[in-house]
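# Summary of structural features
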Amino acid sequence: MSTEREAGGREADAAELARLVEQEAALRRLAELAARGAERQEVFDAIVVEASRLLGPSLMTLVQIDPGGTATFVALRGSTTGYASGTRLAADGGGVFERVLHSGKPARVDYADLSGFRAEQAIQRGFSGAVGAPIHVNGRLWGALVASAREEPLPLSLDTRLATFAELLGPAIAGALARAELLDLLDEQAALRRVAELVARGCSQQELFQAVADEASRLVDGEGTTLLRLAPDRRGGLVLATSGAAAVPVGTELTIPDDDEGIVAAIIRNRAPARVDNYPDVQGTSYARDDWGIASAAGVPIILDDELWGLLAASTWDHPLPKGVEQRLQQFAELTGAALANSAARAEVEALATEQAALRRVAELVARAAKPEDVFAAIAREAAQLLAEPMMLVRIDDSDTLVVVASVNGPSDPGWSIAMSSDTLAAEVVRTGRAARKDEDAGEEAPRFAERPGASLSAVAAPITIGGRIWGMLAASSAEHMLPAGTEERLGQFAELIAVAIANAESRAALSASRARVLATADEVRRRIQRDVHDGAQQRLVHTVLTLKLAREALLDVGGPAAALVDESLEQAQRAVNEMSDIVRGILPAALTRGGLRAGVESLVVDLPLDIDLRVECDRLSLDLETTAYFVAAESLTNVVKHAHADRASVSIRVEGGHLGVEVADEGVGGAQRTGGTGITGLFDRIDAAGGTLTVTSPPGEGTTVCATLPLDGAVAS
Amino acid sequence: MMAPMGRSVLVVDDDTYFRDIAVRILQSWGHEVVGQAGSVGEALEQTLELRPDTAVVDIGLPDGDGFDLTRRLVALPWPLRVLVISSDADVANELVAQRAGAIGFFPKADISGPGFRRALAESE
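Conventions used here
Residues numbered from 1 in each chain as written. Chains lettered and ligands numbered in written order. Predicted model: local features only at pLDDT ≥ 70, side-chain atom pairs only at ≥ 80, totals over all residues. Helix = DSSP H or I, 4+ residues; strand = E, 2+ residues; numbered from the N terminus. Buried ≥ 20, exposed ≤ 12 C-beta atoms within 10 Å, placed from the backbone. Contact = placed C-beta atoms within 7 Å. Axes fitted to C-alpha atoms, helices over the stretch in contact; angles between N-to-C directions. Parallel < 35°, antiparallel > 145°, perpendicular 65-115°, else oblique. Left-handed = near helix turned anticlockwise from the far one by under 90°. Nonpolar A, V, L, I, M, F, W, Y, C, P; charged D, E, K, R; others polar. Pairing = 2+ DSSP bridges. Core = buried A, V, L, I, M, F, W, Y, C linked by C-beta atoms within 7 Å. Arc of directions from axis to C-beta. pLDDT = per-residue confidence, 0-100.

### So, the overall build of chain B
- The helix and strand inventory of chain B stands at five helices and seven strands.
- Each helix and strand of chain B, ordered N terminal to C terminal, gives the series β-α-β-α-β-β-β-α-β-α-β-α.
- Residues counted as buried form 46% of the 124 residues belonging to chain B.
- Long-range contacts, defined here as pairs at least 24 residues apart, represent 55% of the contacts in chain B between residues at least 6 apart.

### Focus: the overall build of chain A
- Of the regular secondary structure elements, chain A holds 16 helices and 23 strands.
- Classification of the 718 residues of chain A by burial places 41% in the buried group.
- Here the analysis covers contacts within chain A between residues at least 6 apart in sequence; of these, 57% occur between residues at least 24 apart.

### Things to note about the packing of helix 14 (residues 590–606) of chain A against helix 4 (residues 92–100) of chain B
- Contact geometry for helix 14 of chain A and helix 4 of chain B: axes closest at 8 Å, N-to-C directions at 125 degrees. Here helix 14 of chain A is positioned oblique relative to helix 4 of chain B, judged by the angle of their axes. The two elements helix 14 of chain A and helix 4 of chain B cross, and the hand of that crossing is right-handed. Listed contacts from helix 4 of chain B to Ala591(A), Gly595(A), Ala599(A), Glu602(A), Ser603(A) and Val606(A) of helix 14 of chain A are Ala92(B), Asn93(B), Leu95(B) and Val96(B).
- The residue inventory of the contact of helix 14 of chain A with helix 4 of chain B, partitioned by class, reads six nonpolar, three polar and one charged.

### As for the packing of helix 3 (residues 66–74) of chain B against helix 4 of chain B
Residue and element names in this part refer to chain B.
- Across the interface, helix 3 lies against helix 4 with an axial gap of 8 Å and an inter-helix angle of 25 degrees. Comparing their axes, helix 4 and helix 3 come out roughly parallel. Crossing of helix 3 against helix 4: the hand is right-handed. Two secondary-structure elements touch here, helix 3 through Phe67, Thr70 and Arg71 and helix 4 through Val96, Ala97 and Ala100.

### Concerning the sheet that holds strand 21 (residues 659–666) of chain A
Residue and element names in this part refer to chain A.
- One open sheet accounts for five strands, arranged 19-20-21-23-22; its pairing is mixed. Whereas interior strands pair on both sides, the edge strands pair on one side only; in this sheet they are strand 19 (611–617) and strand 22 (693–697). On average, adjacent strands in this sheet sit at an angle of 10 degrees to one another, irrespective of strand direction.
- Strand direction decides the pairing type here: strand 19 and strand 20 (residues 648–656), joined by seven bridges, are parallel. Its bridge partner being in strand 20, Val616 is matched across the sheet by Ile653.
- Lying over the sheet, helix 14 contacts strand 19 and strand 20, oriented at roughly 175 degrees with respect to strand 19.
- Of the strands in this sheet, strand 20, strand 21 and strand 23 (705–711) are in contact with helix 15 (residues 623–644), which crosses strand 21 at around 10 degrees.

### Considerations on the pairing of strand 11 (residues 296–304) of chain A
Residues and elements named next belong to chain A.
- Taking burial as the measure, the nine residues of strand 11 include seven buried ones, the bulk of the element.
- Bridge count for strand 10 (residues 274–276) against strand 11 is three bridges, and the pairing is antiparallel. Looking at the pairing, Val276 lines up with Ala297 of strand 11.
- As defined by bridge partners, strand 11 adjoins strand 12 (residues 307–316) across nine bridges and the pair is classed as antiparallel. Bridge assignment links Ser296 to a residue of strand 12, and that residue is Thr316.

### Regarding the nonpolar core
- If you look at the biggest cluster of nonpolar residues, it comprises 80 residues, and the most contacted ones within it are Ala629(A), Ala633(A), Val12(B), Val56(B) and Val84(B).
- When sequence neighbours within four positions are dropped, the list of residues in contact with Val12(B) reads Ala37(B), Ala43(B), Ala55(B), Val56(B), Val57(B), Asp58(B) and Leu69(B).
- If you look at the next biggest cluster of nonpolar residues, it comprises 50 residues, including Met60(A), Ala71(A), Ala119(A) and Ile173(A).

### A closer look at the interface of chain B and chain A
- Of the residues lining the interface, 21 residues belong to chain B; the matching set on chain A comes to 24 residues.
- Those elements that provide at least two residues to the side of chain B that touches chain A are helix 1 (16–28) and helix 4 of chain B.
- It is helix 4 of chain B that provides the largest number of residues to the side of chain B that touches chain A, a total of four residues.
- Per-class residue counts for the side of chain B that touches chain A are twelve nonpolar, four polar and five charged.

### Re helix 4 (residues 117–124) of chain A
Residues and elements named next belong to chain A.
- Residues Arg118, Ala119 and Ala122 constitute the buried set of helix 4. End-on, the buried residues of helix 4 take up no more than an arc of 100 degrees, which puts them together on one face. Every exposed residue of helix 4 that faces more than 90 degrees away from the buried side is listed here: Phe117 and Gln124.
- Looking one or two residues beyond helix 4, the residue adopting positive phi is Gly126, at roughly 90 degrees.

### Let's talk about unusual backbone geometry
Residues and elements named next belong to chain A.
- Positive phi values are uncommon outside glycine, yet Asn409 reaches one of about 60 degrees.
- Along the chain, Asn409 turns up in the loop between strand 14 (401–408) and strand 15 (417–419).
- Looking at Asn409, the number of C-beta atoms within 10 Å reads 13, which means it is partly exposed.

### Remarks on the confidence of the model for chain A
- With 88% of its residues at a pLDDT of at least 70, chain A reaches an overall mean of 80.
- Averaged pLDDT values over the elements of chain A bottom out at 67 in helix 1 (residues 2–35) of chain A and peak at 94 in strand 21 of chain A.

### Comments concerning the environment of Ala265(A)
Residues and elements named next belong to chain A.
- Mapped onto the elements, Ala265 comes out in helix 7 (residues 263–270).
- Under the C-beta neighbour-count criterion, Ala265 is labelled buried, with 21 such atoms within 10 Å.
- Along the backbone, Ala265 and Ser286 are 21 residues apart, and their C-alpha atoms lie at a distance of 9.1 Å.
- Ala265 has contacts with Ile256 and Asp260, leaving out every residue within four places of it along the chain.

### Describing the pairing of strand 17 (residues 458–466) of chain A
Residue and element names in this part refer to chain A.
- Within strand 17, seven of the nine residues are buried, leaving the element largely enclosed by the surrounding structure.
- Bridging between strand 16 (residues 436–439) and strand 17 involves four bridges; their strand directions are antiparallel. If you follow Ala436 over to strand 17, its bridge partner there is Ala461.
- Bridge count for strand 17 against strand 18 (residues 469–478) is nine bridges, and the pairing is antiparallel. What sits directly across from Pro463, in strand 18, is Met473.

### Topic: the sheet that holds strand 3 (residues 54–58) of chain B
Residues and elements named next belong to chain B.
- In space, the five strands of this open sheet follow the order 2-1-3-6-7, with parallel pairing throughout. Only two strands of the sheet have a single neighbouring strand rather than two, namely strand 2 (32–37) and strand 7 (104–107). When strand polarity is set aside, the average angle formed by the axes of neighbouring strands in this sheet is 20 degrees.
- Both strand 1 (residues 8–12) and strand 2 contribute to a ladder of five bridges, which runs parallel. Following the sheet pairing, Ser8 is matched in strand 2 by Glu32.
- Running over the sheet, helix 4 touches strand 6 (81–86) and strand 7 and is turned about 150 degrees from strand 7.
- Across the sheet, helix 5 (residues 114–121) touches strand 3, strand 6 and strand 7, and the angle it forms with strand 7 is around 150 degrees.

Right, here's the structure in full:
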């Protein structure tokens, strides 16, 4: 018996030894694997392979259990029937790993003896029972190794063997995890670095947002991530970027009720990370669950300048998020905050640069002596572009009425006059001298820029102050959305910058207008003198000449000293007529006022010692315009005679596209300069006052061409 | 006795002194001055009433100018010859007068001379 027992014992010892050898070999292979730096998953897969080989159940599962109560199947081997690696289960189903989790000790279940949905599930899948053993890593419960049986009975010895093997797995898993942790850390750092590099390269804010969402999603195993910008009133926010299977589309504006129980409300309340593992369990309202069907979410605040700027969140449709998601998101939130501070600084610089460019364009327009209307239109256009909102430029006239001088999609067109009553935005700007805003409030009347129908949802106006007086204002408005925060500052800043340009344009226009008035008055005086002389002295003299001629005829037969005296009188009178004609024509030819530009220029060219090719293609124009054009031709032809050493010239006058063009060209010596004589300088003045342009092309040796373009609608604002 | 080859002439000028002297000259040449007018309005009125075959028209008139009047006179549905005169001898007036449809332009100082006399008497 004893021999048998001894033999039996030896057999058992031999079998035990063999198992120990196998187990030792299995552990060595796992250790070698871990030492080779295998991926975490590779180590997990090897564990179930080795355990299956060693213990031989239908299904061997390695389950990671986090203290929050979620179990993740990290590796399976055998007849899985529906379970897959990566499956996450809440550890509340009364199954074997729940028991291991709760007791921290090996556990055995026979599904036939059990109730609960986990048991039902297992039976449905054809399993009869399971044995689980805890795996501790670094002294803490990490998970469990679970052997499940289908038809075969689970031998009693399995409990101990499984427990022994599981106990020995700790170091291998710890090694794999440490390495994985290191890799994760490297991944995280690399992701952060990628985002940081993007920021350093000067990416746009939208690029930054997208990169943060993408990189964060990658780091939390591809879960959906959302970057949310909180509204200034903290009652909602705008989805700036998403990645993975995110729940809420980019561009969605969320409204978060005060009693919301979701993570966004929690983050707003506490400025701290928040998590909801199972939204269906949340009592009360939750937009995330009610509106978007989110199952689980975790998020962290993004703080900028000590303000809660927004948040970064991860969410799922159906399973709890792994632990530690917040920690990973947190790093991105911090980086985003820093990058935003950086990019906010740069955005400020960019905004400044954009403003400067806009201002420069307006200033150039002013320098080119553009009409105030054109300058105003440009200002409204630039401001509208800067803010990407409809814009009006409004002037306050002497009777405190608002006059729209330029508009880009604004509620009123240029030319509109608007009374400024006390409860309007415009009145507030005038009263405070500062930019102001009016937004539509629930229950209140829509904000009005001024006394006029056509209300906006949101309007901002900024004063334009010239010489200590409010000249007018720039007004941005939207009928569709609230103007963004900071619009007051930006518009105010631009209005300040633009005031100088407006002052310049106006004073220049005033100068031009007064010069135009002086010239017009002078021309009017010329015409009057010419008319007075023509109707008076010249008429009398002509009458005298004619009478003397008749007298001479009557004396024809008489002769003698009387006839001689009449001859002498006639000669003197005739000379006086001619001289007076010349004087009057020099002031302004009667032919110009009576017969128009063509007659005027014809009367001019007849007396000149030049062969002139004259082409005049226009009807009667305004007296001022005809006079200006006449002087262009007269001064230019005088210069040809005086300086060009030419014997021929051409004059071409024609109306084309709202302008009168006057061109005088010769084939003389060229080299004429604008400052050369008073005549041409006077012309520049005259044409400037008429709102026209004058160019003189005069290369030495190649003749001179004077070209004037005059607007048909007359001089600049008078 | 042959009927005189004279014209029936309307003299248009706002200066009555000049009209007097012009009438004397025209009559001395055997023309009949059927009317005298001091403005564009009077001239048009008398033309319709008196049907002159020739008009002597000053450029400067209080209610318009002689070129304008010329254009309106030559546009009438019966033949009417217009001679434009002015105390301003500017040759540009000649071109403008021709374009307006006048048969000629003469400085007032020259209307006693042979050029004007010939132009007045010429048949078309």
